[in-house]
Amino acid sequence: MNRTTPFDMVGGEPAVRAIVDRFYDLMDEDPAYAELRALHAGELDPMRHSLTGFLTAWLGGPRDWFVDNPGKCVMSLHGAIAVTAQTAEQWADAMQRAIAEHGAAQGLEADFSTKMADALRNMASAMVRKERVPA
């Protein structure tokens, strides 16, 4: 059975790593992402590794990230972080740029790149911490 996953379509682990590296490079270098960058530790290599592993599994590739992080999900790992609508949008924008640049360079269908970025934008938006209103 020949099965093509989004992981295969994007170009496998090297492509996922390239997208993640571009995402963190944008976050680190572009002042438009300053608030997002401030939420992260000074050293981004552990985050680059973790996000590459997560996206690899999320796209249908090897599920090593989930094996290495039993019982955890992206939402639970970000629960203690004060994700605002602004930082979620910065995350989604940097990721969309990284995916679009990779897609253009690799000849991916624009529709595929857009759907991938939109799904990740929805995930980022779901992480926005809502202020609790006293009952």
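Below is a summary of the structure that appears in this document. (Residues numbered from 1 in each chain as written. Predicted model: local features only at pLDDT ≥ 70, side-chain atom pairs only at ≥ 80, totals over all residues. Heavy atoms only, no water.)

## Quick word on the overall build of the protein chain
Part 1 of the reasoning: Assigned secondary structure in the protein chain consists of eight helices and zero strands.
Part 2 of the reasoning: Relative to the compact-globule value of 14 Å for 135 residues, the protein chain shows a C-alpha radius of gyration of 15 Å, a close match.
Part 3 of the reasoning: With respect to the three principal axes, the spread of C-alpha positions in the protein chain is 55 × 35 × 30 Å.
Part 4 of the reasoning: Taken over 135 residues, the protein chain has a buried fraction of 37%.
Part 5 of the reasoning: Carbon and sulfur atoms form 55% of the exposed surface of the protein chain, whose accessible area is close to 8000 Å².
Part 6 of the reasoning: Side chains of the protein chain carry 13 positive and 19 negative charges; the gap between the two charge centres is 7 Å. (Helix = DSSP H or I, 4+ residues; strand = E, 2+ residues; numbered from the N terminus. Rg over C-alpha atoms; globule rule 2.2 N^0.38 Å. Buried < 20%, exposed > 50% of the residue type's maximum accessible area, 1.4 Å probe, protein only. Areas by Shrake-Rupley, 256 points an atom, 1.4 Å probe, with all protein chains shown as cover. Lys, Arg positive; Asp, Glu negative; His and termini not counted. Charge placed at Lys NZ, Arg CZ, Asp CG, Glu CD.)

## Describing the nonpolar core
Part 1 of the reasoning: The biggest cluster of nonpolar side chains holds 35 residues, and the ones touching the most others in it are Val 10, Phe 23, Leu 51 and Met 95.
Part 2 of the reasoning: Of all elements in the fold, only helix H1 (6–10), helix H2 (12–29), helix H4 (45–58), helix H7 (85–106) and helix H8 (110–126) reach the threshold of two or more residues within this core.
Part 3 of the reasoning: For this core, the element with the highest residue contribution is H2, accounting for eight residues.
Part 4 of the reasoning: If sequence neighbours within four positions are ignored, Leu 51 has contacts with Val 20, Phe 23, Tyr 24, Trp 91 and Met 95. (Core = buried A, V, L, I, M, F, W, Y, C linked by side-chain atoms within 4.5 Å. Contact = heavy atoms within 4.5 Å.)

## Quick notes on the packing of aromatic side chains
Part 1 of the reasoning: According to the stated counting rule, one finds five aromatic pairs in the structure shown.
Part 2 of the reasoning: The interplanar angle of 75° and the centroid separation of 4.8 Å between the aromatic rings of Phe 23 and Tyr 24 together place this pair among those described as edge-to-face.
Part 3 of the reasoning: Centroid distance Phe 54 to Trp 65: 5.3 Å. Interplanar angle 80°. Geometry classified as edge-to-face. Of the two residues, Phe 54 sits in helix H4 while Trp 65 sits in helix H5 (residues 64–68), which places them 11 residues apart along the sequence.
Part 4 of the reasoning: Take Phe 54: its relative accessible area is 7%, and that puts it in the buried class.
Part 5 of the reasoning: Note on Trp 65: relative accessible area 6%, which makes it buried.
Part 6 of the reasoning: Joined through ring pairs, the aromatic side chains of Phe 23, Tyr 24 and Trp 91 make up one cluster. (Phe/Tyr/Trp six-rings, centres within 6.5 Å; stacked < 30°, edge-to-face > 60°.)

## Some thoughts on the packing of H4 against H8
Any two packed helices are characterised by how steeply their axes cross, that is the angle between the axes, and by the distance between the axes.
Part 1 of the reasoning: Contact geometry of H4 with H8 gives a least axis separation of 13 Å together with a crossing angle of 115°. Once H4 is placed against H8, the crossing between them reads as right-handed. Contact residues: Phe 54, Leu 55 and Trp 58 in H4; Met 116, Ala 119, Leu 120 and Met 123 in H8.
Part 2 of the reasoning: Of the residues in the contact of H4 with H8, the class split is seven nonpolar, no polar and no charged. (Axes fitted to C-alpha atoms, helices over the stretch in contact; angles between N-to-C directions. Left-handed = near helix turned anticlockwise from the far one by under 90°. Nonpolar A, V, L, I, M, F, W, Y, C, P; charged D, E, K, R; others polar.)

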